[in-house]
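Residues per chain, in single letters:
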Amino acid sequence: FSWGVGSSAYQTEGAWDVDGKGPSIWDAFTHAKGKVFRNETGDSACDGYYKVQDDIQLLKELKVNHYLLSISWPRIMPTGIKKLNEKGIQFYNDTINSLLESSIIPIVSLYHWDLPQVLQEKYGGWQNISMINYFNDYANLCFEKFGDRVKHWITFSNPWAVAEKGYETGEHAPGLKLGGCGAYKAAHHIIKTHAKVWHSYNSTWRSEQQGMVGISLTSGWGEPIDPHSQADIDAAERYMQFHLGWFANPIYRGDYPEVMKNYVGRRSAQQGLGTSRLPTFSVQEKSYIKGTSDFLGIGHFSTRYVTQKSFPFLQVSSYCTDQDLAELVDPKWPAPGSKWLYSVPWGFRRLLNFIKTQYGNPLVYVTENGVSEKVQCTQLCDEWRIEYLKGYINEILKALNDGVNVRGYTAWSLLDKFEWNKGFSERFGFYHVDFKNKNKPRYPKASVNYYKNIISANGFPNPREVENWHQKAMDTCSITHQLLDADSLVTHMEMVTEIVLPTIFTLCILISIVLLLFFLQNHS
């Protein structure tokens, strides 16, 4: 069983226009005002581009077996087409080599949302079928340059968010609101792209490199609010198929879920459309896509209760209204950070068992699982994260006992980082990053100690020892807090020295000049 942590390029690297990197859709999106909380950007993020060795030291401290990172497409191909950026390739070569020298396995995602901006402007991004070949060229470049050392590849990380938030609601880059069709079209092209990349690896690289290619799908668990109501049971099933099944069903069973085809088809007919807003795969495409995953990456954070809800007939339908359901939460569920993220560990075991029965018990790696905190003040003693980890990891153990083929766990995330349209207002990291300090120093939270113990013990030995871990973690974080407070004071003083003192000095000179002029005027 492999234990690790993860992060993504745009959220951590910074250096957005350094060493030949081209702009991504997230650079364009965050630079347009009013898209992100407080107009924050990932221009410098965690300065991860300059801190590779420091951050690998943190990974060694945690004693992880693997590290999940993503490659920034525009860093190695500035326009997304043809022209290569050797400095970008060198950066990822150095990162991969440093990880391996530290006995840490790199798991590499080819796409964590940062499409080259040129491809968005010229072709409309994932709305355009030409992305399939452009992405395949990029993937083959990565296999050629890094595949001798990288043996675990993820084509797309959470494509649900790329499609739904990027092309339907416009909350994420590229910020398009193509209601009713945008998300389905983007997803259709992403699924076909994934299959093409898998086949490229299979025919060209696999025999030589002996690696694996999978996809990482993020999904909550949908639980019927009334387990005795058939309407609610059906609604919860729809929730799962519209979220996870949308991408997993074509890859494991050759087509979109029947319920998706029926519901979107019926809605489209009601609107007077000649064809369904959900695109169709040809017979050849179905067989080409089916079976194109050596493992399934799963991102999971939370659970929802689901009930049947009929939306009135609308001329403009959306991905959301197509599902005929409402999502609810239990007010008793803990919600330490993001508004959407409730801690509901039991949903994880149910999700993993659903994957086992739906998709023929595939090899599963948990690629993202974690919890955030809202930033009111600095919180290093993150007791809620410890409770979250304990609850969710314990449910994976139960799923293993149920016979689910889960082989690895990736906690999300190594560092506090740029959280997309939420800016820096939410923090998922094991390590606190002081973004106000120009050096972006990292400080361990209590959860670092706790997770380190889970990794060393390969799970939970006994309740008494786990309680000890908890106590020690909380003791350590109090000491780190004092260190952070002292550093913050120094940073504050430096700021005073750099900004306030020169300002006062300048004002004193100006006042002296005014007084001198006044004095001279009176004596002339």
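Predicted model only: the values in this text are computed from it and were never measured.

Reading the values: rules and limits
Residues numbered from 1 in each chain as written. Predicted model: local features only at pLDDT ≥ 70, side-chain atom pairs only at ≥ 80, totals over all residues. Heavy atoms only, no water. Helix = DSSP H or I, 4+ residues; strand = E, 2+ residues; numbered from the N terminus. Rg over C-alpha atoms; globule rule 2.2 N^0.38 Å. Buried < 20%, exposed > 50% of the residue type's maximum accessible area, 1.4 Å probe, protein only. Contact = heavy atoms within 4.5 Å. Pairing = 2+ DSSP bridges. Axes fitted to C-alpha atoms, helices over the stretch in contact; angles between N-to-C directions. 1 Å grid on protein atoms, 1.4 Å probe; cavity = no way out; pocket = protein on both sides within 12 Å on 5 of 7 lines; lining within 4 Å. Points joined across faces, edges and corners; volume = space filled by probe spheres on them. Nonpolar A, V, L, I, M, F, W, Y, C, P; charged D, E, K, R; others polar. Left-handed = near helix turned anticlockwise from the far one by under 90°. Disulfide = S-S within 2.5 Å. Expected span 1.5 Å × (residues − 1).

## Focus: the overall build of the protein
Then, in step 1: Helix and strand counts for the protein stand at 16 helices and 15 strands.
Then, in step 2: For a compact globule of 524 residues, the expected C-alpha radius of gyration is about 24 Å, and the protein comes in at 25 Å, within 12% of that figure.
Then, in step 3: With the principal axes as the frame, the protein shows a C-alpha extent of 95 × 60 × 55 Å.
Then, in step 4: Here the protein holds 524 residues, and 58% of them are scored as buried.
Then, in step 5: Sequence separation of at least 24 residues holds for 75% of the intrachain contacts in the protein that already meet a minimum separation of 6.

## Remarks on the sheet that holds strand E6 (residues 221-224)
Then, in step 1: Pairing in this open sheet of three strands is mixed, and the strands run E6-E8-E9 from one edge to the other. Whereas interior strands pair on both sides, the edge strands pair on one side only; in this sheet they are E6 and strand E9 (325-328). Strand-to-strand twist of the sheet, defined as the mean angle between neighbouring strand axes without regard to direction, takes the value 40°.
Then, in step 2: The sheet contact formed by E6 and strand E8 (residues 303-308) spans four bridges and is parallel. Bridge assignment links Glu-223 to a residue of E8, and that residue is Tyr-305.

## Side note on the sheet that holds strand E7 (residues 296-299)
Then, in step 1: Ordered by their spatial adjacency, eight strands build a closed barrel running E1-E2-E3-E4-E5-E7-E10-E12, and the pairing between neighbours is parallel. Direction aside, the axes of adjacent strands within the sheet are offset by 25° on average.
Then, in step 2: Across the sheet, helix H9 (residues 182-209) is in contact with strand E4 (152-157) and strand E5 (212-218); its angle to E4 comes to roughly 165°.

## A few points about the layout of surface pockets
Then, in step 1: Here the largest pocket defines a volume of roughly 1000 Å³.
Then, in step 2: Contributing to the lining of the largest pocket are 39 residues, with Asn-158, Trp-160, Lys-165, Thr-218 and Trp-340 lying nearest its centre.
Then, in step 3: Elements with a minimum of two residues in the lining of the largest pocket: helix H8 (159-167), helix H10 (230-253), E8 and E9.
Then, in step 4: Ranked by the residues each element gives to the lining of the largest pocket, the list is headed by H8, at four residues.
Then, in step 5: Among the residues forming the lining of the largest pocket, the class breakdown is 15 nonpolar, 15 polar and nine charged.

## Digging into the packing of H9 against H10
Then, in step 1: In the contact formed by H9 and H10, the axes pass within 10 Å of each other and the chain directions differ by 35°. Relative to H10, H9 is oriented so that their crossing is right-handed. Together, Ala-183, Tyr-184, Ala-187, Ile-190, Ile-191 and His-194 of H9 and Phe-242, Trp-246, Phe-247, Pro-250 and Ile-251 of H10 make up the contact between the two elements.
Then, in step 2: Residues belonging to the contact of H9 with H10 are distributed by class as follows: 10 nonpolar, one polar and no charged.

## Looking at the environment of Leu-325
Then, in step 1: When you line up the elements, Leu-325 lands in strand E9.
Then, in step 2: For the pair Leu-325 and Ala-231, spaced 94 residues apart in sequence, the C-alpha to C-alpha distance is 9.7 Å.
Then, in step 3: Each residue touching Leu-325, except ones within four places of it in the same chain, is listed here: Ala-235, Arg-238, Tyr-239, Val-306, Thr-307, Gln-308, Lys-309 and Phe-311.

## Remarks on the state of the cysteines
Then, in step 1: With the rule as written, the count across this model stands at one disulfide.
Then, in step 2: No disulfide involves Cys-320; its sulfur sits 15 Å from that of Cys-181, the nearest cysteine.

## Description of the pairing of E5
Then, in step 1: Counting buried positions along E5 gives six out of seven residues, so the element sits mostly inside the fold.
Then, in step 2: One ladder, built from four bridges, connects E4 with E5; its direction is parallel. The residue of E5 that forms the bridge with Trp-153 is Val-213.

## Observations regarding helix H7 (residues 131-146)
Then, in step 1: The end-to-end C-alpha distance of H7 is 22 Å, a good match for the 22 Å that 16 residues give at a rise of 1.5 Å each.
Then, in step 2: Where H7 is concerned, the buried positions are Met-131, Ile-132, Tyr-134, Phe-135, Asn-136, Tyr-138, Ala-139, Asn-140, Leu-141, Cys-142, Phe-143 and Phe-146.
Then, in step 3: Lining the buried residues of H7 we find helix H4 (73-76), helix H5 (86-101), helix H6 (117-123), E4, H9 and E5.

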